[in-house]
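Geometric and topological summary
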Amino acid sequence: MFIDSHCHLTSEQFNADRDAVIRRAEDAGVHAIINPGTDLEDSKRAIEVAEKYPNIYACVGFHPHDAKKAKDKSLQEIEELSRHPKVVAIGEIGLDFHYDFSPRDVQESVFREQIALAQRRNLPIVIHTRESNSETIAIVEEAVSSAAGWRSDKVVPHSRYPAPKGVFHCFSGDVAMAWRVINMGFYVSLPGVVTFKKADLAVEVASNVSAEHFLLETDSPYLAPVPFRGKRNEPAYIPLIAEKIAALQHLSVEDISRITNYSAFRLFGIGEEDAARFTYQLRNSLYINLTIRCNADCVFCDRKGEAVIKGHNLRIDREPTAEEVIAEIGDPKKYEEIVFCGYGEPTIRLDAIKEISKWVKANGGRTRLNTDGHGNVINKRNIVPELVGLIDAVSISLNTTDPHQYGELMRIDGEKFFPAMIDFAKESVRLLGKVTMTIVDLDDVDKEQARLLVENEIGATFQTRPFF
Ligand code: SF4
Ligand SMILES: [Zn+2]
């Protein structure tokens, strides 16, 4: 199931066969399509199409090409249209300095006015930018930063409304620019360009930015992916784009579809939130979410927030029994690994780990424990000997080599827990063999020192994991 977050179904290129195009999209697993508006008339047409089909949604707004047509009255009409229940965003809006179909100063002022409109209406914005990345980002940054203090007592110079949010559609910047956009709370969406032969920038972004920040789009009827490049594009081609992004992310197409659907749900309110899960699949491994309790409280952890990992909702309101987990696993041989890893510290439930892994091993599966390495402190004894024969591999979050920084990152007593974690790692290497230690890819953590400690002193494998 996919969402095409940007498709101009109202384009005249679809006049002859719009129904068939929509049917083909459904057959290809596209369960929702968002149709952006480009001017007042096109926004009205987008709403008409959305009214006709339950799974089609509309955006309303003036494209930068048409900014010169956006008079005060027509912007008021856009605001009125935005109250329609099928309207999910203001867009597409932005700047296009490639064609300059509208004067640049007019594009900029209409863009600003539409951002303010979206803030008033609490709707996301869909941004178009071409040869104007820095000017576009500067305007969005200005809106984000002037909204940031809206709760403070310095309300007067600030906007009364929350910061704008949205998506940079057809993203054409590099990785650094993607992060600038993401750090403002925005998504990036990559069209079929990512499948083109000479698409270095898009491929770099799709490989190096975690998939949580992406939306899928075709931008039909333009930019058809390979092998349809140069022909009319249509929403049924979304799987071709998803396949390419999945390959670059080392994830499955199902993972990419679930992750991007969740992002579309968060941004546009389309679809449903996943039910909380005791077990969840990523690639070809099955993960076990035994608890969301933890002895730590890492600054980068979203355990107390949405607690969603790669589109899976892990915000369980009770902990599963070992029997429930075993029933959900079914045949463990179907998976590469059964991994104890949820939004909490699994060794808090040591008995359940032992019971489940004993069953997995007896039924021909492989097991991995992902842990903060505090299991011995939590259980008040050396638990590693109890895992022999049950756990095939262990991944431990090292986070940093400095006990003080460790304490700050995890909001625990670093002087106590850091050495306990190192002891746990050494004991795991000695008794279990296969141990990986990871650090989050943060600038102020010394990665080289961490690698030396892991490889030379502990004898484990070193890995960095992205911060997101
Ligand atoms: S140890 Fe893991 S589960 Fe616990 S707070 Fe840190 S990141 Fe979250
Ligand atoms: Zn568009």
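In this text, all values refer to a predicted model and were calculated from it rather than measured experimentally.

1. Notes on the overall build of the protein chain
Looking only at helices and strands, the protein chain has 16 helices and 17 strands in total. By the compact-globule yardstick of 23 Å for 468 residues, the protein chain fits well, its C-alpha radius of gyration being 25 Å. Expressed along its principal axes, the backbone C-alpha trace of the protein chain runs to roughly 75 × 50 × 40 Å. The buried share among the 468 residues of the protein chain stands at 57%. Intrachain contacts of the protein chain at a sequence separation of at least 6 include 74% that bridge at least 24 residues. As displayed, the protein chain has an accessible area near 20,400 Å², and 50% of this comes from carbon and sulfur atoms. Across the protein chain, the 56 positively charged side chains and the 70 negatively charged ones have centroids separated by 2 Å.

2. Digging into the sheet that holds strand β4 (residues 87-96)
Read from one edge of the open sheet, eight strands run β1-β2-β3-β4-β5-β6-β7-β8, paired in parallel fashion. The open sheet terminates on both sides in strands that have one partner only, identified here as β1 (2-4) and β8 (214-216). Direction aside, neighbouring strands of the sheet carry axes that sit 30° apart on average. Sheet analysis places strand β7 (residues 187-190) next to β8, joined by three bridges and oriented parallel. Paired with Val188 across the two strands is Phe214, which belongs to β8.

3. What to know about the domain arrangement of the protein chain
In terms of domains, the protein chain is made up of domain 1 (2-268) and domain 2 (279-465). Domain 1 and domain 2 are separated by 38 Å when their C-alpha centres are compared. With nine residues of domain 1 at the contact, the number on the domain 2 side is eight residues. Taken together, both faces of the contact between domain 1 and domain 2 bury some 790 Å²; the carbon and sulfur share is 49%. Taken together, domain 1 and domain 2 are joined by two salt bridges. Of the charged contacts, one joins Arg266 and Glu306 as a salt bridge, the two residues approaching to 3.1 Å between their closest N and O atoms. Our count for the contact surface shared by domain 1 and domain 2 stands at seven residue pairs in polar contact (both at pLDDT 80 or more). Here the residues of the side of domain 1 that touches domain 2 sort into three nonpolar, two polar and four charged.

4. What about the coordination of the zinc ion (ligand 2)?
Every protein donor of the zinc ion (ligand 2) is listed here as His6 (NE2), His8 (NE2) and Glu92 (OE), and their distances to the metal cover 1.9 to 2.1 Å. All donors to the zinc ion (ligand 2) come from one chain, and their sequence spacing reads H-x1-H-x83-E. On the criterion of sequence distance, the pair formed by His6 in the loop between β1 and α1 (18-27) and Glu92 in strand β4 is long-range, its members being 86 residues apart. Accessibility expressed as a relative area gives 1% for His6, which makes it buried.

5. Details of the site of ligand 1
Residues in contact with ligand 1, as listed here, are Cys294, Ala296, Asp297, Cys298, Cys301, Arg303, Gly344, Asp372 and Met410. Class assignment for the residues of the shell around ligand 1 results in five nonpolar, one polar and three charged.

6. Description of the packing of aromatic side chains
Scanning all chains against the criterion turns up six aromatic pairs. Summarising the aromatic geometry, the rings of Tyr99 and Phe101 are spaced 5.0 Å apart at their centres and angled 20° between planes, so their arrangement reads as stacked. Judged by relative accessible area, Tyr99 falls into the partly exposed class, the value being 42%. By relative accessible area, which is 46% here, Phe101 ends up partly exposed.

7. Some remarks on the nonpolar core
Of all hydrophobic cores here, the largest spans 72 residues; its most connected members are Val140, Phe168, Phe171 and Phe186. Leaving out residues up to four positions away in the same chain, Val140 has contacts with Phe111, Ile115, Ile127, Phe168, Met184 and Phe186. Judged by nonpolar contacts, the second largest core, of 46 residues, contains Leu290, Ala296, Leu398 and Ile422.

8. Structural notes on helix α3 (residues 72-81)
Listing the buried residues of α3 in full gives Ser74, Leu75, Ile78, Glu79 and Leu81. Buried residues along α3 cover an arc of 160° about the axis, so they all sit on one side. With respect to the buried face of α3, the exposed residues turned more than 90 degrees away are Asp72, Lys73, Gln76 and Glu80. Buried residues along α3 sit against α2 (40-52), β3 (56-60), β4 and α4 (104-121).

9. Some details on the side chain of Glu427
With respect to the helices, strands and loops of the structure, Glu427 is situated in helix α15 (residues 414-431). There is a polar contact of 3.2 Å between the side chain of Glu427 and the side chain of Arg430. Ignoring any residue separated from it by four or fewer positions in sequence, one finds Glu427 in contact with Asn382, Val384, Pro385 and Leu432.

10. So, the environment of Val226
Following the sequence through the fold, Val226 ends up in the loop between β8 and α8 (238-249). Among the residues examined, Val226 registers a relative accessible area of 39% and is labelled partly exposed. Along the backbone, Val226 and Gly192 are 34 residues apart, and their C-alpha atoms lie at a distance of 7.3 Å. When near neighbours in sequence (up to four residues on either side) are disregarded, Val226 contacts Thr195, Phe196 and Leu240.

Definitions and cut-offs
Residues numbered from 1 in each chain as written. Chains lettered and ligands numbered in written order. Predicted model: local features only at pLDDT ≥ 70, side-chain atom pairs only at ≥ 80, totals over all residues. Heavy atoms only, no water. Helix = DSSP H or I, 4+ residues; strand = E, 2+ residues; numbered from the N terminus. Rg over C-alpha atoms; globule rule 2.2 N^0.38 Å. Buried < 20%, exposed > 50% of the residue type's maximum accessible area, 1.4 Å probe, protein only. Contact = heavy atoms within 4.5 Å. Areas by Shrake-Rupley, 256 points an atom, 1.4 Å probe, with all protein chains shown as cover. Lys, Arg positive; Asp, Glu negative; His and termini not counted. Charge placed at Lys NZ, Arg CZ, Asp CG, Glu CD. Pairing = 2+ DSSP bridges. Axes fitted to C-alpha atoms, helices over the stretch in contact; angles between N-to-C directions. Domains from an automatic or database assignment. Buried area = accessible area lost by both parts, 1.4 Å probe. Salt bridge = Lys/Arg side-chain N within 4 Å of Asp/Glu carboxyl O. Polar contact = N/O pair within 3.5 Å; in protein donor to acceptor, adjacent residues only side chain to side chain. Nonpolar A, V, L, I, M, F, W, Y, C, P; charged D, E, K, R; others polar. Donors = N, O, S within 2.8 Å, 3.2 Å for Na, K, Ca; no water. Near = heavy atom within 4 Å. Phe/Tyr/Trp six-rings, centres within 6.5 Å; stacked < 30°, edge-to-face > 60°. Core = buried A, V, L, I, M, F, W, Y, C linked by side-chain atoms within 4.5 Å. Arc of directions from axis to C-beta.

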